[in-house]
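# Chain and residue survey
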Amino acid sequence: MSGSRFPGLTHALDEAPVSRFHLRAALVSGMGFFTDAYDLFVIGIAAILIKQQWQLSSGRLALLNAVMLGAACLGALVFGRVADLAGRKRVYWLVAVIMVVGALGSALSPSYWVLIAFRFVLGFGVGGDYPVSAVLMSEYANRKDRGRLVGLVFSTQALGLIVGPLVALALLGAGVGDSLAWRVMLALGAVPAAAVVYLRRRMPESPRYQAQVQGRYQHAVADLAQFTDGAVVGAPAPAITHQMGLRAFLTHRRWLLMLAGTAGCWFLLDYAYYGNTISTPQIIALISPHSSTTTTIAIQLAVFVVAAVPGYALGIARLDRIGHRRLQLIGFAALALCFAVIALVPGLTTALVPFLLVYGASYFFTEFGPNMTTFVLPSEVFPVTMRATGHGISAGVGKLGAFIGVFLFPLLSSSLGLRGTLLLTAAVSLAGLLLTLVLPEPAGRSLEEVSSGEAELGGVPVAATADPDPPVVLGVEPEGRPGSPPDRAA
């Protein structure tokens with residue numbers, strides 16, 4: 001074969017330096033994930049006001065806090081699979097539409113059960129956004145900065161954590177009544193979601209998905225060149241697609257082990273994280289029962305800003321250097337230690353300042369650790385035909401853990417006390433550390449290398465008979481790279 005001045009598509013993506021198109025993709029994904037985080041966590045504050053207005057029992061309050069997480073579990077499972085079958089882009093904007101409907105419906109709900117129904121709709125869309133946001137960014141990223149770029153998408157969760165309490169403080173400080181304040185808080189989640197609908201419809205399909213699954217290699221090359229303004233150009237070549245059925249994926253020992261690691265760790269992390277985060281106002285109320293609603297919200301905001309935000313920032317900066325798996329191990333170990341200290345040191349759950357210091361440290365190591373890596377790792381370790389499915393299963397199982405944690409926290413704290421509940425959380429964190437050991441280290445490796453090749457592990461390569469799209473790079477003959485195995489997308 002004669003030489004080409006362009007590398008194969010996946011090689012071009014893997015070696016491309018971080019450019020404006022990477023940041024554009026991260027922005028579009030991140031805006032959606034900011035909405036996810038805002039909608040998921042603002043209910044912890046809104047529920048305080050709703051409880052007072054509608055006189056909710058502890059059971060109904062627990063359901064209100066948790067229903068969106070249960071729906072997110074279902075949404076991640078459904079839309080993760082659909083994204084592998086119908087394409088990432090179609091799911092990408094559809095889930096944003098669902099989030100707009102769910103947020104507006106929640107804000108306008110006339111009764112408790114109508115609110116529950118719309119929170120379920122909202123959660124269904126949020127759950128679907130998890131796998132597609134992570135996978136699209138992962139498939140656009142280069143191998144050296146992939147963790148940082150996917151982590152950047154995830155870090156917009158920090159803004160969601162901060163904006164919710166800020167909105168609440170602004171509304172209550174301005175004298176807005178409780179009944180209107182919680183409706184405005186829930187309605188604001190529709191604003192960024194509506195912007196995301198427009199932006200995501202303009203974003204092209206994942207080039208790896210187009211080339212490797214749909215067999216539309218020439219179209220993938222064209223879209224990538226246009227989206228990157230010519231910064232990344234792959235050589236046109238005969239399309240090689242890969243196929244893997246859901247049954248083959250779920251019965252293969254390697255992928256089951258990967259799912260056990262990604263889904264299991266996410267379940268354990270979300271049980272601990274969401275149970276504590278959404279219940280933070282109740283935790284503070286247990287330690288400082290005389291604090292006003294505004295004071296409680298301000299304390300929660302301070303914990304996020306002082307402890308969580310630096311964790312996100314340092315996680316983005318160091319993730320690819322430390323290693324994705326290694327950082328998850330560090331984070332789980334620190335979480336187990338922090339929760340054990342709170343539970344076992346006498347008097348720590350009755351003194352607000354010492355409690356907040358250790359509690360804040362747990363937040364730091366959650367973000368600088370498994371809260372970020374459980375989002376990143378499932379977007380890397382699965383093959384392209386099952387990448388969104390694997391991430392969706394992992395996210396869905398994670399949200400199941402979140403649902404259980406949020407629903408059980410008020411019940412456990414009343415029966416076991418705060419110390420007993422947090423000691424259980426420490427044990428859960430330790431289990432997450434042990435389960436992380438089954439996962440590989442993807443940092444610095446190409447997606448195709450990490451997934452080890454579908455042909456060897458249950459996937460079937462299929463040479464496309466014809467690419468439905470015409471060649472788009474003029475003057476370059478279709479060819480492979482001499483002396484190397486076929487590019488997964490070439």
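A short tour of the structure in this document, coming up. (Residues numbered from 1 in each chain as written. Predicted model: local features only at pLDDT ≥ 70, side-chain atom pairs only at ≥ 80, totals over all residues. Heavy atoms only, no water.)

## Here's the deal with the overall build of the chain
Selection criterion: A run of H or I in DSSP counts as a helix once it spans at least four residues, and a run of E counts as a strand once it spans at least two, with each numbered from the N terminus. Here, residues are in contact when the closest pair of their heavy atoms is within 4.5 Å. Accessible surface area values rest on a Shrake-Rupley calculation with a 1.4 Å probe, where residue burial reflects the displayed protein chains alone.
Looking only at helices and strands, one finds 20 helices and two strands in the chain. The long-range fraction of contacts in the chain, counting pairs at least 24 apart against all pairs at least 6 apart in sequence, stands at 86%. By element, 67% of the accessible surface of the chain is carried by carbon and sulfur atoms, the whole surface being about 17400 Å².

## A few points about the pattern of salt bridges
The condition is simple: The salt bridge definition used is simple: a Lys or Arg side-chain nitrogen within 4 Å of an Asp or Glu carboxyl oxygen. Accessibility here uses a 1.4 Å probe with only protein chains present; expressed as a share of the type maximum, an area under 20% marks a residue as buried, one over 50% as exposed, and anything in between as partly exposed.
Scanning the model with the defined rule gives 13 salt bridges in all. The partner of Arg200 in a salt bridge is Asp129, with the nearest N and O atoms 2.5 Å apart. Linking Arg200 in helix 8 (residues 190-202) with Asp129 in helix 5 (residues 112-140), this pair joins segments that are 71 residues apart in sequence. Given the relative accessible area of 0%, Arg200 is considered buried. A relative accessible area of 0% places Asp129 in the buried class. For Arg445, the salt bridge identified is with Glu449, shortest N-O distance 3.5 Å. Residue Arg445 is classed as partly exposed on the basis of its relative accessible area, which comes to 25%. Looking at Glu449, the relative accessible area reads 44%, which means it is partly exposed. Residues joined by salt bridges that share partners form a network here, namely Asp84, Arg88, Glu139 and Arg387.

## A few points about the packing of aromatic side chains
Keep this limit in mind: For this analysis, a ring pair means two rings from Phe, Tyr or Trp (six-membered ring only for Trp) whose centres lie within 6.5 Å, classed as stacked if their planes differ by under 30 degrees, edge-to-face if by over 60, and tilted for the remaining angles. The rule is short: NZ of Lys or CZ of Arg within 6 Å of the ring centre and within 35 degrees of the ring normal puts a charge over the ring.
A complete count under the given rule lists 23 aromatic pairs for this structure. Between the aromatic rings of Trp54 and Trp182, the centroid separation amounts to 5.4 Å while the plane-to-plane angle is 75 degrees, which identifies the pairing as edge-to-face. Placement of the pair is Trp54 in helix 2 (residues 20-54) and Trp182 in helix 7 (residues 178-187), with a sequence separation of 128 residues. Judged by centre distance (6.2 Å) and plane angle (40 degrees), the rings of Phe154 and Tyr312 are tilted. Residue Phe154 is found in helix 6 (residues 146-173), and its partner Tyr312 is found in helix 14 (residues 293-322); the two are separated by 158 residues along the sequence. Put simply, the rings of Phe33, Tyr130, Phe154, Trp266, Tyr312 and Phe375 pair up and form one aromatic cluster. The lysine or arginine in question, Arg200, covers the ring of Tyr92, its NZ or CZ lying 3.9 Å from the ring centre.

## Here we look at the environment of Leu269
Note on placement: Leu269 falls in helix 12 (residues 253-277). In contact with Leu269, not counting residues within four places along its chain, are Phe332, Leu335, Thr366, Pro370, Asn371 and Thr374.

## Some remarks on the nonpolar core
In plain terms, the rule: Take the buried Ala, Val, Leu, Ile, Met, Phe, Trp, Tyr and Cys residues and link them wherever side-chain atoms come within 4.5 Å; each set so joined is a nonpolar core.
Grouped together as the largest cluster of nonpolar side chains are 94 residues, with contacts concentrated most on Tyr130, Tyr274 and Phe375. Among the elements that make up this core, the one with the highest residue count is helix 5 (nine residues). The contacts of Tyr130, once residues within four sequence positions are left out, are Phe33, Asp36, Leu40, Gln157, Trp266, Tyr274, Phe375, His391, Ala395 and Lys399. With 25 residues, the next largest nonpolar core counts Ala47, Leu49, Leu56 and Ile116 among its residues.

## Observations concerning the environment of Gly30
Considering the arrangement of structural elements, one finds Gly30 in helix 2. Exposure remark for Gly30: the relative accessible area of 3% places this residue in the buried category. Spatially, the C-alpha atoms of Gly30 and Thr156 are 5.7 Å apart, while their sequence positions differ by 126 residues. The residues contacting Gly30, other than those within four sequence positions of it, are Val153 and Thr156.

## Quick word on unusual backbone geometry
The phi torsion of most residues other than glycine is negative, and most of the peptide bonds are trans. A positive phi is found at Gln55, a non-glycine position, where the angle reads about 55 degrees. Looking at where Gln55 falls in the secondary structure, it is placed in the loop between helix 2 and helix 3 (58-86). Note on Gln55: relative accessible area 65%, which makes it exposed. If you check the backbone angles, Asp229 has positive phi at about 55 degrees while not being a glycine. Residue position: Asp229 is located in the loop between helix 10 (217-227) and strand 1 (240-243). Classification of Asp229 as exposed rests on a relative accessible area of 52%.

## Things to note about the side chain of His22
The topology assignment puts His22 in helix 2. Excluding its chain neighbours within four sequence positions, the residues that come into contact with His22 are Ala16, Pro17, Met137, Tyr140, Ala141, Asn142 and Leu149.

## Some remarks on the packing of helix 2 against helix 3
Selection rule: The axes used here are C-alpha line fits, helices contributing only the stretch in contact, and every angle between their N-to-C directions lies in the interval 0 to 180 degrees. If an angle is under 35 degrees, it is roughly parallel; if it is over 145, roughly antiparallel; if it lies from 65 to 115, roughly perpendicular; otherwise it is oblique. Two helices crossing with the near one rotated counterclockwise from the far one by less than a right angle form a left-handed crossing, whereas a clockwise rotation gives a right-handed crossing. Throughout, the ten residues Ala, Val, Leu, Ile, Met, Phe, Trp, Tyr, Cys and Pro are labelled nonpolar, Asp, Glu, Lys and Arg are labelled charged, and all others, Gly among them, are labelled polar.
Close contact between helix 2 and helix 3 brings their axes to 10 Å; oriented N to C, the two are set at 160 degrees. When the axes of helix 2 and helix 3 are compared, the pair comes out roughly antiparallel. As helix 2 packs across helix 3, the resulting crossing turns out to be right-handed. Contacts from Asp39, Leu40, Ile43, Gly44, Ala47, Ile50 and Lys51 of helix 2 reach helix 3 at Leu61, Leu64, Asn65, Met68 and Leu69. Partitioned by chemical class, the residues of the contact of helix 2 with helix 3 number eight nonpolar, two polar and two charged.

## What to know about a nonpolar patch on the surface
To keep it simple, the criterion reads: Any residue with relative accessible area above 30% and no salt bridge may belong to a patch, with like charges joined within 9 Å and the nonpolar Val, Leu, Ile, Met, Phe, Trp and Tyr side chains within 5 Å.
Together, Leu74, Leu77, Val78, Val82 and Phe120 make up an exposed nonpolar region whose accessible area comes to about 350 Å². Counting residues per element, the nonpolar patch draws most heavily on helix 3, which supplies four residues. Mapped onto the elements, Val82 comes out in helix 3. The class for Val82 is partly exposed, based on a relative accessible area of 31%.

Scope: geometric values only; no functional claims are made or implied.
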